[in-house]
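# A structural walkthrough
Listed below, chain by chain, are the residues.
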Amino acid sequence: MKAEGHPDYHMITVKMTDGSEFQTRSTWGNEGDTLTLDIDPTSHPAWTGGTKQIQEGGRVAAFNKRFGGLSLKKN
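### Focus on the environment of Asn-30
- Of note, Asn-30 is situated in the loop between β2 (21-26) and β3 (34-36).
- A C-alpha to C-alpha distance of 8.9 Å links Asn-30 and Tyr-9, two positions 21 residues apart in sequence.
- Once residues within four sequence positions are removed from consideration, Asn-30 is found in contact with His-10, Met-11 and Ile-12.

### Overview of a nonpolar patch on the surface
- A cluster of nonpolar side chains, Phe-63, Phe-67 and Leu-70, forms an exposed patch at the surface whose accessible area comes to about 330 Å².
- Topologically, Phe-63 is positioned in helix α2 (residues 58-67).

### Considerations on the pairing of β2
- Relative to β2, strand β1 (residues 10-15) is paired through six bridges, and the arrangement is antiparallel. Bridging from a neighbouring strand, His-10 pairs with Ser-26 of β2.
- Counting the residues that bridge the hairpin from β1 to β2 gives five residues, and of these Gly-19 lies at a positive phi of roughly 100°.

Reading guide: rules and limits
Residues numbered from 1 in each chain as written. Predicted model: local features only at pLDDT ≥ 70, side-chain atom pairs only at ≥ 80, totals over all residues. Heavy atoms only, no water. Helix = DSSP H or I, 4+ residues; strand = E, 2+ residues; numbered from the N terminus. Contact = heavy atoms within 4.5 Å. Patch = residues over 30% accessible without salt bridge, like charges linked within 9 Å, V, L, I, M, F, W, Y side chains within 5 Å. Areas by Shrake-Rupley, 256 points an atom, 1.4 Å probe, with all protein chains shown as cover. Salt bridge = Lys/Arg side-chain N within 4 Å of Asp/Glu carboxyl O. Pairing = 2+ DSSP bridges.

Here you go:
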């Protein structure tokens, strides 16, 4: 393995949203840095089973709501 073509792989500390920490090896930051997470499996609805945001209708429904009364018929 060539040394000059690979990033530095070192130990960092990862801090979860609930305050717990663990150490892992990473190419992020420098040796001994702390990576503070904004979203992790303890707080994100995808993992916790929280409520889902449902998009009401989407882009086509928004267009029809705004311009639905217009007609393309020639008078």
